[in-house]
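Notes for the structure review
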Amino acid sequence: MNDSRSIFERWPKPLPVPPLAVLLGIGGLIAASTCFYTIPAESEGIVLRFGEFTDKVPSGLHAKLPFEVDEVIEVPTQRQQKLEFGFASPGFTNPDQAGQEPELERAMVTGDLNSALVEWIVQYRITDPEKYLFDVRDPGLTLRDISEAAMREVVGDRTVDEIITIGRQEIEETVLARVRELAERYRLGVTINQVQLKNVNPPEPVQPSFNEVNRAQQDRENVINLANGEYNKAVPKARGEADQRIRAADGYRFKRINEAEGDVTAFNQVLEQYLKAPEVTRTRIYLETMAAVIPQAKQQIIVDDSVQQILPLLAPPSPQVVEVAK
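Given the structure is predicted, the values throughout are model-derived calculations rather than measurements. (Residues numbered from 1 in each chain as written. Predicted model: local features only at pLDDT ≥ 70, side-chain atom pairs only at ≥ 80, totals over all residues. Heavy atoms only, no water.)

Observations regarding the side chain of Asp70
Locating Asp70 in the fold gives a position in strand E5 (residues 70-75). Judged by relative accessible area, which is 3%, Asp70 ranks as buried. A polar side-chain atom of Asp70 sits 2.7 Å from a polar atom in the side chain of Arg49. Within polar-contact distance, the side chain of Asp70 engages the backbone nitrogen of Leu65 at 3.1 Å. If we ignore the near neighbours within four places in the chain, the residues touching Asp70 are Val47, Leu48, Arg49, Lys64 and Leu65. (Helix = DSSP H or I, 4+ residues; strand = E, 2+ residues; numbered from the N terminus. Buried < 20%, exposed > 50% of the residue type's maximum accessible area, 1.4 Å probe, protein only. Polar contact = N/O pair within 3.5 Å; in protein donor to acceptor, adjacent residues only side chain to side chain. Contact = heavy atoms within 4.5 Å.)

Laid out in structure tokens, this is it:
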């Protein structure tokens, strides 16, 4: 089918140019969509205008210049973050949390030239976002480097027994102080909250021998503790028995002294009466003595050379008190 129209007539007509109002509306929508932003609750926003720091904003809804004139960087200042050395926990979101070569990080040499596998955690919080972003290149990597350097320095001054057993707390405190000092010197803008040793083990080839040594040391400690327990049980018991016998002896001593003093007082009183009336006192003493002795004699037979017959003397049923007239 022949088309008699010219090529210019058959060419499709161009689309109509949109009016200026439509272009301005589209531009306004784009600008409006880039003018507002939201900072999460546990973060702060660093505002850059043409790449230069201009402001620090708290969490919430804020406005900025559109078309990437203002750029906002979110910094989690209220979030507790951590760095892991020698191992990596699954599902972490902080890119600096785990190292690239954990096997090399945990291999260390102690002060007594032994090898140890040390795993630890550094917990920190970003407190100055401006310093954290602009004063140091790669602040997370820098913090990892100074933490590893501090740990290797401290481990290199201790024996392997101190690192694995009794010196863990001291190592944590020393490394924490050292990392805080270096972070302040490098102006990292972070606060180091805690350094925690996780697993500290000897190298795998010597672990069985090391475990046997630990078991022997634990058995030794158990025997010492049992001996101390027996000592603490026997010694106080012996001391208690000794104190009890000393107190009994003191009581018996006081009793004998008091009885002797009482006998002396009674004798002096009798002597005083005897000096006043010797015959009466002698007779009274005789009668009191006989009243105390005769009831204990039960049935007695008195024999005299001048007696022709035996006279039985019956014991009275009870002691009789003989009153002597003065």
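Side note on the sheet that holds E5
Pairing in this open sheet of 3 strands is antiparallel, and the strands run E3-E2-E5 from one edge to the other. The open sheet terminates on both sides in strands that have one partner only, identified here as strand E3 (52-57) and E5. Each strand of the sheet is rotated relative to its neighbour by a mean of 25°, with strand direction disregarded. Note: strand E2 (residues 44-49) against E3, 5 bridges, orientation antiparallel. In the sheet register, Leu48 faces E3, and the bridge partner there is Phe53. (Pairing = 2+ DSSP bridges. Axes fitted to C-alpha atoms, helices over the stretch in contact; angles between N-to-C directions.)

Comments concerning helix H5 (residues 139-155)
For H5, spanning 17 residues, the distance from its first C-alpha to its last is 24 Å, which sits close to the expected 24 Å at 1.5 Å a residue. Counting buried positions over the 17 residues of H5 gives 12, a clear majority of the element. Listing the buried residues of H5 in full gives Pro139, Gly140, Thr142, Leu143, Arg144, Ile146, Ser147, Glu148, Ala150, Met151, Val154 and Val155. (Expected span 1.5 Å × (residues − 1).)

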